[in-house]
Amino acid sequence: MLRLKPIYVSTPWGGQRLGELFRRSLPENSIGESWEVVENDRFHSQVLEGEHAGKYVGDLWRQGLLGGTAQGRFPVTIRWLDASGRLSVQVKQTPPDASYAETWYVADAHPKANLLVGHYPGFDPTTLKQAIAGGTFQKWLYETRPRVGEMALVRGGSIHCIGAGFVMLCIAEPDEA
């Protein structure tokens, strides 16, 4: 088994719950993300101990030491999110020939925490402009209040927003992030 070094990312919407929940010593600033397994343009997971200490997960993958096809980037990213504050509304862009999805597992949630994923029919560019100008944008988005232990699938191209009060495990394909 490989133990990888988490990569902590400070964000305006983060907190310290990852340290509390997982008994980790975190930097004192607001930590919104802990990348557990990753190989992308910004981060590379590194092995902490043992025979492969100091090596990167992507290199081990391409050397055929982790199974699978062992080609390209490591095929999955796993990160914890501490959404102590609300995140921005986002749309995950994907190339036209690719299907991208992200799965969120709810590990902890305040009772009133909500997710916004997808939109109601009729939400076109004109309606978007009017909704932003009129302050009614959120009313066009589907709202859900998942409980601990539930999962959400966010497909590429979907409008989505994680509300304040969640700790979630995010599992996705690698991207440029």
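Scroll up to find the structure.
Definitions and limits used
Every chain begins its residue count from 1, and numbering advances along the sequence as written. Local features are withheld for residues below a pLDDT of 70 in this predicted model, meaning they are given only at 70 or higher, and side-chain atom pairs are given and counted only at 80 or more; totals for whole chains, interfaces and linings count all residues. Heavy atoms throughout the structure, all of them, feed into the side-chain values; hydrogens and water do not. At least two DSSP bridges between two strands are required for those strands to pair. Going along the chain from the N terminus, every DSSP run of H or I of four or more residues is numbered as a helix, and every run of E of two or more is numbered as a strand. Only C-alpha atoms enter the line fits that serve as axes; for helices the fit covers just the stretch in contact. Angles between N-to-C directions range over 0 to 180 degrees. Patches here are clusters of residues that have more than 30% relative accessible area and form no salt bridge, with a 9 Å joining cutoff for like charges and a 5 Å cutoff for nonpolar side chains (Val, Leu, Ile, Met, Phe, Trp, Tyr). Methods summary: accessible areas were calculated by the Shrake-Rupley approach with a probe of 1.4 Å, and residue burial reflects only the protein chains presented. A carboxyl oxygen of Asp or Glu within 4 Å of a side-chain nitrogen of Lys or Arg is what we treat as a salt bridge. Exposure categories follow from relative accessible area, calculated using a 1.4 Å probe and restricted to protein chains: below 20% of the type maximum is buried, above 50% is exposed, and the middle band is partly exposed. Here, the term nonpolar core denotes a set of buried Ala, Val, Leu, Ile, Met, Phe, Trp, Tyr and Cys residues that are joined through side-chain atoms within 4.5 Å. Contact definition: two residues touch when any of their heavy atoms are within 4.5 Å.

A. Fine view of the sheet that holds strand β1 (residues 7-15). On the basis of which strands lie adjacent, the open sheet formed by 6 strands has the order β1-β2-β3-β10-β5-β8 and antiparallel pairing. Only two strands of the sheet have a single neighbouring strand rather than two, namely β1 and β8 (151-155). Averaged over all adjacent pairs, the angle separating strand axes in this sheet is 25 degrees, with direction ignored. Pairing of strand β5 (residues 101-109) with β8 involves 5 bridges; the strand directions are antiparallel. Within the sheet, the bridge partner assigned to Trp104 lies in β8 and is Ala152.

B. Seen up close, a nonpolar patch on the surface. Among the surface-exposed residues, Leu2, Leu65 and Leu66 lie close enough to one another that they form a single nonpolar patch of about 230 Å² accessible area. Counting through the fold element by element, Leu66 comes out in the loop between α2 (57-62) and β3 (77-83). Here Leu66 falls in the partly exposed class, since its relative accessible area comes to 33%.

C. Inspection of the pairing of strand β6 (residues 115-119) at higher detail. The pairing of β6 with strand β7 (residues 141-144) spans 3 bridges and is antiparallel. Its bridge partner lying in β7, His119 is registered against Leu141. Of the pairings in the sheet, the one linking β6 to strand β9 (residues 159-162) comprises 3 bridges and is antiparallel in character. Along β9, the bridge assignment pairs Leu115 with Ile162.

D. Here's a closer look at the sheet that holds β7. Spatially, 4 strands are ordered β4-β9-β6-β7 in an open sheet, and the strand pairing comes out antiparallel. Taken across any chain shown, the strands that pair with only one partner, and hence form the sheet edges, are β4 (90-91) and β7.

E. Here's a closer look at the pattern of salt bridges. Tallied over the full model, the rule gives 10 salt bridges. For Glu49, the salt bridge is made with Arg3, and the minimal N-O distance between the two is 3.3 Å. One end of the pair, Glu49, is in the loop between β2 (31-37) and α2; the other, Arg3, is in the segment before β1, and 46 residues separate them in sequence. Here Glu49 falls in the partly exposed class, since its relative accessible area comes to 45%. Judged by its relative accessible area of 48%, Arg3 falls in the partly exposed class. Arg17 is the salt-bridge partner of Asp108, the closest N and O atoms lying 3.0 Å from each other. Of this pair, Asp108 sits in strand β5 while Arg17 sits in helix α1 (residues 17-22), and the two are 91 residues apart along the sequence. Each of the salt bridges in this network shares a partner with another, and the network as a whole consists of Arg17, Asp82 and Asp108.

F. Local environment of the pairing of β5. Relative to strand β10 (residues 166-172), β5 runs antiparallel, the two being bridged by 7 bridges. By the bridge assignment, Tyr105 is partnered in β10 with Leu169.

G. Geometry of the nonpolar core. With 14 residues, the main nonpolar core has Trp104, Leu115, Ile162, Phe166 and Met168 as its most contacted residues. Contributions of two or more residues to this core are made by β3, β5, β8 and β10. A total of 3 residues in this core trace back to one element, the largest contributor, which is β10. For Phe166, the residues in contact, after removing those within four places along its chain, are Arg17, Leu81, Asp82, Ala83, Val106, Asp108, Ala109, Ala113, Asn114, Leu115 and Pro146.

Taken by themselves, the reported measurements are silent on function.
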